[in-house]
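# Reading the structure
Letter by letter, the chains look like this.
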Amino acid sequence: MNKSKLFEKSEEKEFTTFPATLETYAWYKPILIMVIAAIVSIALSFAALSILKIDPRSSTLMNLILAAVTIIILILGIYIGNRLIYKIPFSTQVAPVRKWNWGIYIKAFIIASIVYGIIMSYNFLASGAKITNNLPIALVLLCLILPIFQGFGEEFLCRGLLMQTFGSWFKIPIVAIILQAAIFAVLHPYQLFSLISVLCTGLVYGLITWYGQGLETSSAMHAVNNIASFLAIGFGLQQGAGGNGSDPIALLINVVIVVIPVIIVLVLDKFNLMGFDS
C-alpha cells in the first residue's frame, strides 16, 4: 500500500517542505527569520503604543485591537526577515508552488461568513442574549477591517513560517501540521476547553493549507472567526477572546463552526469550483 503524501518524506515542491528546495536554504535560517520578526514586531508595537497612547487595560476590545496591530506588524517583521535571510519573494510562505488566488480567498470568506452567521445567530436567539454596548461606527469598521489583516498575520506566522520550518526539518507534512497547531494553541493562553478548541482550529487550518497548497482558505476563515469575536466582544455578547469555549458544549460548537466551512470547501473542490489547481 502506498503511503499517504501527508505522511511521506519528500523533497518535492509542496507547501510544508518547500523551503528545503531553495538553494539558499539552511536549517537555522527560519530561526533567524523568527528572531528578526520578533525584534521588529516588539519594537514597532511599543512605538505604536506610545504614539497612539493606547492603554490595553482599558477594555477587552482595546486589548484585542492592540493584539491585532501587533500581529499585523509581525507580517512586516517576517517579510523583512525573509528578504534579509533568504532573499526570496514574499509568496514563499503564502502560496509557494503557485500564485496567490484571490478567488479561493473570497469564496472561502463567503462560505465561512454564511456558516458563522447562521450558527452564531441561532446561538444568539436561542440564548436570549442582549447587546449591552453601543459601538461607534468607526470602532465597528475597525472590528471589521483589523481582523482581516490579523487573520492573515497569524496564518502567515503559524501555517506559513512555522509549518514550513517544521516541514523543512522533518520532511513529513503531518508532523509540521501538528507541531504548528500546538504552538498556535500555546500562543492563546485560554481556559482548557478554549485551548483545545484553538488546537483543533490550528489542525484544521493546517490541513486545509496543506491540501490547498496556500494560505488563502485558512486566512479567509481565520479572518471571519476574528471578526465574529471582535464584534461579539465589542457589543458585549462575549466577555473575552477565550471565553467562548470554556465548556464542552461550547467547544463542540467551536469545532463544528470551523470544520463545516472546510468540508464545504473540499466538496466544492471535488467539482472544481474552488480553483486550487490554478
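Residues numbered from 1 in each chain as written. Predicted model: local features only at pLDDT ≥ 70, side-chain atom pairs only at ≥ 80, totals over all residues. Heavy atoms only, no water.

### Some points on the overall build of the protein
- Tallying secondary structure elements over the protein gives 8 helices and 0 strands in all.
- Secondary structure elements of the protein, listed N to C terminal, follow the sequence α-α-α-α-α-α-α-α.
- Radius of gyration (C-alpha) of the protein: 19 Å, near the 19 Å computed for a compact globule of 278 residues.
- The C-alpha extent of the protein, read off along each of the three principal axes, is 55 × 45 × 35 Å.
- A total of 278 residues make up the protein; the buried ones form 48% of that total.
- Across the protein, contacts joining residues at least 24 apart in sequence account for 82% of those joining residues at least 6 apart.
- On the protein, roughly 14000 Å² of surface is accessible, and the fraction owed to carbon and sulfur atoms is 71%. (Helix = DSSP H or I, 4+ residues; strand = E, 2+ residues; numbered from the N terminus. Rg over C-alpha atoms; globule rule 2.2 N^0.38 Å. Buried < 20%, exposed > 50% of the residue type's maximum accessible area, 1.4 Å probe, protein only. Contact = heavy atoms within 4.5 Å. Areas by Shrake-Rupley, 256 points an atom, 1.4 Å probe, with all protein chains shown as cover.)

### Here we look at the state of the cysteines
- If you walk through the whole model with that rule in mind, you get 0 disulfides.
- With no disulfide of its own, Cys-200 lies 15 Å from the sulfur of Cys-158, the closest cysteine sulfur. (Disulfide = S-S within 2.5 Å.)

### Description of helix α6 (residues 192-212)
- End to end, α6 covers 30 Å across 21 residues, agreeing with the expected 30 Å (1.5 Å per residue, within 8%).
- Turning to α6, its buried residues number three or more, namely Ser-194, Ser-197, Val-198, Thr-201, Gly-202, Val-204, Tyr-205, Gly-206, Ile-208, Thr-209, Trp-210 and Gly-212.
- Tucked inside the fold, the buried residues of α6 contact α3 (102-127), α4 (137-170), α5 (173-186), α7 (216-234) and α8 (248-270).
- Positive phi appears at Gln-213, one or two residues downstream of α6, with a value of about 60 degrees. (Expected span 1.5 Å × (residues − 1).)

### A closer look at α3
- Between its first and last C-alpha, α3 extends 36 Å over 26 residues, near the 38 Å set by a 1.5 Å rise per residue.
- Taken together, the buried positions of α3 are occupied by Ile-104, Tyr-105, Ala-108, Ile-111, Ala-112, Val-115, Tyr-116 and Ile-119.
- Turning to α3, the residues buried within the fold contact α4, α6, α7 and α8.
- Downstream of α3 by one or two residues, Gly-128 has phi in the positive range, about 70 degrees.

### Let's talk about the pattern of salt bridges
- Inspection of every chain in the model, using the stated rule, returns 2 salt bridges.
- We note a salt bridge from Arg-98 to Glu-216, for which the minimum N-O separation is 2.6 Å. Note that Arg-98 is positioned in the loop between α2 (60-85) and α3 and Glu-216 in helix α7, a separation of 118 residues in sequence.
- For Arg-98, a relative accessible area of 13% gives the class buried. (Salt bridge = Lys/Arg side-chain N within 4 Å of Asp/Glu carboxyl O.)

### Remarks on the nonpolar core
- By size, the foremost hydrophobic cluster in this structure holds 35 residues, and its most contacted members are Ile-33, Leu-74, Ile-78, Phe-156 and Leu-157.
- Where this core is concerned, the elements lending two or more residues are α1 (29-52), α2, α4, α5 and α6.
- Of all the elements, α4 adds the most residues to this core, at 8 residues.
- Setting aside anything within four residues of it in sequence, one finds Phe-156 in contact with Ile-75, Ile-78, Tyr-79, Asn-82, Phe-90, Gln-93, Val-94, Leu-161 and Leu-215.
- In this structure, Ala-112, Val-115, Tyr-205 and Met-274 belong to the second largest nonpolar core, which totals 18 residues. (Core = buried A, V, L, I, M, F, W, Y, C linked by side-chain atoms within 4.5 Å.)

### So, a nonpolar patch on the surface
- A cluster of nonpolar side chains, contributed by Trp-27, Tyr-28, Ile-31, Leu-32, Val-35, Ile-39, Trp-169 and Phe-170, occupies part of the molecular surface with about 770 Å² of accessible area.
- Elements that contribute at least two residues to the nonpolar patch include exactly α1 and α4.
- In terms of residue count, the dominant contributor to the nonpolar patch is α1 (4 residues).
- With respect to the helices and strands, the residue Ile-39 is situated in helix α1.
- Given the relative accessible area of 55%, Ile-39 is considered exposed. (Patch = residues over 30% accessible without salt bridge, like charges linked within 9 Å, V, L, I, M, F, W, Y side chains within 5 Å.)

### Side note on the environment of Ser-45
- Position of Ser-45 relative to the elements: it lies in helix α1.
- With relative accessibility at 13%, the residue Ser-45 sits in the buried group.
- Ser-45 sits 26 residues away from Ile-71 along the chain, and the two C-alpha atoms are 9.2 Å apart.
- For Ser-45, the residues in contact, after removing those within four places along its chain, are Thr-70 and Ile-73.

### Here we look at the confidence of the model for the protein
- Residues of the protein with pLDDT of at least 70 account for 91%, and the chain-wide mean is 87.
- Element-level pLDDT for the protein is lowest in α2, with a mean of 83, against a maximum mean of 97 in α5. (pLDDT = per-residue confidence, 0-100.)

### Things to note about unusual backbone geometry
- A positive phi angle is found at Lys-171, which is not glycine, with a value near 60 degrees.
- Checked against the element boundaries, Lys-171 lands in the loop between α4 and α5.
- Even without being a glycine, Asn-272 presents a positive backbone phi close to 60 degrees.
- Its place among the elements puts Asn-272 in the segment after α8.

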